[in-house]
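Per-entry structural report
The chain contents come next:
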Amino acid sequence: MPKDSPPPIAYLLPNFFTAASIFTGFYAISLTLHHEFVFAAWFVFLALIFDGLDGRVARLTNTTSHFGVEFDSLADIVAFGVAPAFLLYMYAGETYGRIGIVVSALFIIFGAVRLARFNVTTSRIEPSVFIGLPIPTAAIMISIAVLLLERYPSVHAYKVYLLPLAVMLALLMVSNIRYPSFKKVNLKAFHFMRFLTVAIVIALGVFIYPIEGMALLAAGYLLYGPLRAAFYLLRRMAGQRG
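Reading the values: rules and limits
- The residue count restarts for each chain, going from 1 along the sequence in the order it is written.
- In keeping with the predicted nature of the model, local features appear solely for residues at pLDDT of at least 70, side-chain atom pairs appear and are counted solely at 80 or more, and the whole-chain, interface and lining totals rest on all residues.
- Excluded from the side-chain calculation are hydrogens and water; included are all heavy atoms of the structure.
- Angles here are taken between N-to-C directions and fall from 0 to 180 degrees, while the axes themselves are lines fitted to C-alpha atoms, restricted in helices to the stretch in contact.
- Starting at the N terminus, helices and strands are each numbered in turn, a helix being any DSSP run of H or I of at least four residues and a strand any DSSP run of E of at least two.
- Each angle is binned into one of four classes, with values under 35 degrees roughly parallel, values over 145 roughly antiparallel, values of 65 to 115 roughly perpendicular, and all other values oblique.
- Put simply, a crossing is left-handed when the front helix is turned counterclockwise from the back one by less than a right angle, and right-handed when it is turned clockwise.
- Should any heavy atoms of two residues lie within 4.5 Å, those residues are considered in contact.
- Any Lys or Arg side-chain nitrogen located within 4 Å of an Asp or Glu carboxyl oxygen qualifies as a salt bridge.
- Burial classification: accessible surface area is computed with a 1.4 Å probe over protein chains only, and a residue below 20% of its type maximum counts as buried, one above 50% as exposed, and the rest as partly exposed.
- Multiplying 1.5 Å by the residue count of a helix minus one yields the expected span of that helix.
- Two rings from Phe, Tyr or Trp (for Trp, the six-membered ring) form a pair when their centres are within 6.5 Å of each other. A pair whose planes differ by under 30 degrees is stacked, one over 60 is edge-to-face, and the rest are tilted.
- Note on criteria: charge over ring means Lys NZ or Arg CZ within 6 Å of the ring centre, with the direction from the centre no more than 35 degrees off the ring normal.
- Per residue, pLDDT captures the predictor's confidence, and it can take any value from 0 to 100.
- In the scheme used here, Gly and all other residues not listed as nonpolar or charged are polar, with Ala, Val, Leu, Ile, Met, Phe, Trp, Tyr, Cys and Pro taken as nonpolar and Asp, Glu, Lys and Arg as charged.

Looking now at the packing of helix α3 (residues 66–93) against helix α5 (residues 135–151). Relative to each other, α3 and α5 sit at 30 degrees, their axes nearing to 9 Å. In terms of axis orientation, α3 runs roughly parallel to α5. You can see that α3 and α5 cross each other, and the crossing is left-handed. Only Ile135, Pro136, Ala139, Ile142, Ser143, Val146, Leu149 and Glu150 of α5 make contact with α3, whose side of the interface consists of Asp76, Ile77, Phe80, Gly81, Pro84, Leu87, Leu88 and Tyr91.

Moving on: the pattern of salt bridges. Within the structure shown, the criterion is met by 1 salt bridge. Between Glu212 and Arg151 there is a salt bridge, with the nearest N and O atoms lying 2.8 Å from each other. Of the two residues, Glu212 sits in helix α8 (residues 210–241) while Arg151 sits in helix α5, which places them 61 residues apart along the sequence. By relative accessible area, Arg151 is classed as partly exposed at 44%.

On to the side chain of Thr32, then. With respect to the helices, strands and loops of the structure, Thr32 is situated in helix α1 (residues 12–33). You can call Thr32 buried: its relative accessible area is 0%.

It is worth spelling out helix α2 (residues 37–60) at this point. The end-to-end C-alpha distance of α2, which contains 24 residues, comes to 35 Å, matching closely the 34 Å that a straight helix rising 1.5 Å per residue would cover. Residues Phe37, Ala40, Ala41, Val44, Phe45, Ala47, Phe50, Asp51, Asp54, Val57 and Ala58 constitute the buried set of α2. Buried-residue contacts for α2 involve α1, α3, α5 and α8. Asn62 sits one or two residues past α2 and shows a positive phi near 55 degrees.

Before going further, it helps to spend a moment on the environment of Leu115. With respect to the secondary-structure elements, Leu115 resides in helix α4 (residues 98–121). Once the C-alpha coordinates of Leu115 and Val174 are considered, the two residues, 59 residues apart in sequence, prove to be 9.4 Å apart.

Turning to the packing of aromatic side chains, a few remarks are in order. Scanning the entire structure with this criterion turns up 11 aromatic pairs. Considering the side-chain rings of Trp42 and Phe45, the 5.3 Å spacing of their centres and the 45 degrees angle between planes classify their relative orientation as tilted. Placement of both Trp42 and Phe45 in helix α2 is noted, with a separation of 3 residues, approximately one turn of the helix. By relative accessible area, which is 33% here, Trp42 ends up partly exposed. Here the aromatic cluster, defined as three or more aromatic residues joined through ring pairs, consists of Phe16, Phe17 and Phe50. A cation over an aromatic ring shows up here: Lys159 above the ring of Tyr91, its NZ or CZ 4.9 Å from the ring centre.

Summing up the model confidence of the protein, the mean pLDDT is 85 and the portion of residues at 70 or higher is 88%. Model confidence for the protein, summarised as mean pLDDT per element, is weakest for helix α7 (residues 192–208) at 77 and strongest for helix α6 (residues 162–173) at 95.

Our next topic: the packing of α2 against α3. Where α2 meets α3, the closest approach of the two axes is 11 Å, and the angle between their N-to-C directions is 165 degrees. Taken together, the axes of α2 and α3 are roughly antiparallel relative to one another. The interaxial crossing formed by α2 with α3 has left-handed handedness. Listed contacts from α3 to Phe37, Ala40, Ala41, Val44, Ala47, Leu48, Asp51 and Asp54 of α2 are Asp72, Asp76, Ala79, Phe80, Ala83, Leu87, Met90 and Tyr91. In terms of residue class, the contact of α2 with α3 is built from 12 nonpolar, no polar and 4 charged.

Written out as C-alpha cells, the structure reads:
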C-alpha cells in the first residue's frame, strides 16, 4: 500500500453518509405511510445533506472509489426517487388512481435513467455542469411543494398540480438541458465582496422564511436550465438569420 494512501477504515466514513441517506429516505417513506407528510418532506431534505457530505468527505479524505460511486447512485434512487415519488402518490396521486400511479412511477423510472446516464457519461463531460436536472433537485421540488401546500391551507385544493409538476421534473431529468454543478466551485473566480454579500442576503432570507426561501432557490435553479437553453437557441437562430 502506498505511503500516502488512506487506511482502509477511512473508506467507511463517506459510505456511512451514503448509508445515512438511504436510511433517511426509507424513514421518509415510513412517515408517508403514516400520513406524516411534512416530516417526510423534511427527511428528504436531510437525505440531501447526507448525499452532499459523502462525496465531499470522500474527496477530502482521498477515499473516492468506484464502489462509492455506485453505492451513491443506489442511495439516490431510494432517497430521491422512491421516497419523493411515494410522497407524491400518497399526498396527491392516490386520489387519481392509475394516473397517480403512472406519474409517480415515471418520476422513479426517469430518475433512474438520469442516474444511469450520469454514471456512464460523467467522465466525458465537463465537471461544472449536469446534463439534465439532477435527481436530488427534482426530489427537493416535490418536497418543497408539499411543504408549501401544508403551510398555506388556502391553496391546499391545488395539490393536484403536483402531478404535472412531477411529469415536468421527470422530463427535465432525462433532457439534454444543462444545469450548473456546484461540486467544484472555484471561489477565486468570484468577486469576494459581491459573492459574500449575495450569500449573506440569501442565508438571512432563508433563515426568516425557510420554506419560501428554499422554494425560490430551487425554482430559480429549476428555471435556469430551460431559460439558458432558450437564450442560446434564440441567439443561434438570430445569428443564422444575420
